[in-house]
Amino acid sequence: MAGELLLEIGIALTGIALAGALAYRVGLSVIPAYILAGILIGPNEPTSVAGIPLTLVDYGEFIDVVAELGIVFLLFFLGLEFSVGQLLGDRTRIAKIGSVDFVVNFGLGLGLGFAFSFTVVQTLFIAGIVYISSSAVVTKSLIDNGWVANAESGPILGTLVFEDILIAVYLAVLSAVAFGGGSVTEAAASVGAAFAFLGALALVAWYGTAHIERLFDATSDELFLLRILGVTTLVAGAALTAGLSEAVAAFFVGTAFSATSHTERIEHVVSPARDFFAAVFFFAIGLTTDITLLAGVAWLLVAALVATTVGKVVSGTLSGRVYGLDATRSLRVGIGLVPRGEFSLVLAALAAGSGSGVLQNVIPAFAVGYVLVMSILGTVLMQNSEVITDRIGNW
Amino acid sequence: MTIYETEVPGVGHKFELELDGDERLIVLIHHDGKREVYLRPGENEDSEKLFGLTGKRARQLGSILEGAYFQPVEMDDIQVPLGESIIEWVEIGADSPVVGDTLQEASIRNRTGVSVVAIQRGEETIANPRPDVTIEAGDMLVSLGTREEQQAFEELLGEEGTAGGGGVEGGDAGDA
């Protein structure tokens, strides 16, 4: 039994490793590669290719837990790297471009949800999924294309910072609403409870810096790693048990560390663990995806792809203008923000875990299809942005 | 010179150094220690990646740039501020009146106020030279004193004896 499980995990990890290597070779984001690996060797269609059975890995408890840790540590690092200084230092401009980005893209998401006659809660999930750009894919592409050294990286990173804090709040609200039962008062009560808990966490994060500093002053990297993994998982688990978003709890644990001198060490020591957990998370998303469901959301998918690509390009271009950039660079800001990724999938995982019917099946399938296309499309657009900016410049 | 620092979430820190005109040098320090250096020729131009280095290599390059391995000395323009005092390097010409005198005989401190803190003779450096050291032609005398004292010292050595140490004002040899 244990042997069988070990073999399955071995197949899964090897699949992830191969997919990652392949993505690196062709210069694309690893996220869609991990998802595709999951779809390919998972229990759903396609189950065989040319008569060779492909169902090599089932969605078991081990993968479930590691994937959950993936969400926790993605959000933990989001909190850790969340730059309060950057946000405050440039607050007027970041607030402006963040608002433009939110109004255009979240608005488009709401429009899509209602146009395809989803319920309010379902629409809120869809809006969140199409709204938020992928920090992981965008920052990596920024570096790969050398844009990080250009002026357009300012508004791009500014928008990401704004989105990061908004998604933390949004996750808290949405998980409270999704888990909080039907009525408005019940939902309001659970939103209140969520914010009380998170408020307490935020206070600890804010005032506990000195204690945290001392508590995590381990001499060996091994002990340091274990402490960080232990505390983060413990807090996230406690939050989940209390009916709150484990992701948001992890985000606040991350912010608690961001004010200490441990940040650099965490980046060194804990990042590999995060990368591992996150890879399994994306893979698990693939495992649970039934791509036959994509046929049912094909029109929504097409509409979302077109509308939200245009939406990000437009809102990004406006943001570039707020930063006083020229036409080409402003357009690049828009193109740079097109990739969607990990946070859309975190929202999809929340939807899958909280509801039934549409929330459990249709929305996650939509999110997977959407992220697959948008993470690849975004990267390719950035690599070939000259073609686009030249053409628009000649208008 | 202004240096702009920005955090790049998930990546590290970015520093922009202003060069001449609109040119900027951009250094990206990744959390894993890797450094990347970009050059942006002008405000509206695209940055070009010049090179990337590991943390260790970057530190070596940094030390080289800092002058830890080789420090060019601009002999015409050397001044190190020490409160009121400055240090000057003065080469003793063959015709200088003090050639052949010991430091005691030349009585430099009594006559000018500067202290000879070292003598460079070819490859050799005589630090804190004793009074009975003889001054030879071609010696480089390192003297400590105020501007006025240095002036008097140069006059003592005679105009033709001051191959170096012109005492140029306003130089920024301190940055060299």
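Scroll up for the structure.
Our subject in this report is the structure included herewith. In this text, all values refer to a predicted model and were calculated from it rather than measured experimentally.

Quick word on the packing of aromatic side chains
Two numbers describe a pair of aromatic rings. These are the distance of the centres and the angle of the planes. All names here are of chain A. For the structure on display, the rule yields 14 aromatic pairs over all chains. Seen from their ring centres, Phe73 and Phe76 are 5.7 Å apart, and the 65 degrees between their planes marks the pair as edge-to-face. You can see Phe73 and its partner Phe76 sitting in helix α3 (residues 61-80), three residues apart, about one turn around the helix. As far as the burial class goes, Phe73 and Phe76 line up, both buried. Pairwise contacts between aromatic rings join Phe73, Phe76, Phe77, Phe216, Phe257, Phe276 and Phe277 into one cluster. In this structure, Arg93 is placed above the aromatic ring of Tyr323, and the distance from its NZ or CZ to the ring centre is 3.9 Å. Here Arg265 stacks its cationic end above the ring of Phe224, 4.4 Å away from the centre of that ring.

A look at the environment of Val11 of chain B
Inspection of the secondary structure puts Val11 of chain B in the loop between β1 (3-8) and β2 (12-18). On the basis of relative accessibility, which here comes to 7%, the residue Val11 of chain B falls in the buried class. In the structure, Val11 of chain B is positioned 143 residues away from Glu154 of chain B in sequence and 57 Å away in space, judged by C-alpha atoms. Here Val11 of chain B is in contact with Thr139 and Ile143 of chain A together with Leu28, Ile29, His30 and His31 of chain B, once residues within four sequence places are set aside.

Focus: the sheet that holds strand β5 (residues 48-53) of chain B
Residues and elements named next belong to chain B. Taking strand neighbours across the sheet as the criterion, the five strands line up as β1-β2-β3-β4-β5 in an open arrangement whose pairing is antiparallel. Strand pairing shows two members of the sheet lacking a second neighbour, β1 and β5, which therefore form its edges. Along the sheet, successive strands turn relative to each other by an average axial angle of 20 degrees, direction set aside. Pairing geometry for β2 and strand β3 (residues 24-30), over seven bridges, is antiparallel. When the sheet's bridge partners are listed, Glu16 is paired in β3 with Ile26.

The rules behind these values
Residues numbered from 1 in each chain as written. Chains lettered and ligands numbered in written order. Predicted model: local features only at pLDDT ≥ 70, side-chain atom pairs only at ≥ 80, totals over all residues. Heavy atoms only, no water. Phe/Tyr/Trp six-rings, centres within 6.5 Å; stacked < 30°, edge-to-face > 60°. Helix = DSSP H or I, 4+ residues; strand = E, 2+ residues; numbered from the N terminus. Buried < 20%, exposed > 50% of the residue type's maximum accessible area, 1.4 Å probe, protein only. Lys NZ or Arg CZ within 6 Å of the ring centre and 35° of its normal. Contact = heavy atoms within 4.5 Å. Pairing = 2+ DSSP bridges. Axes fitted to C-alpha atoms, helices over the stretch in contact; angles between N-to-C directions.

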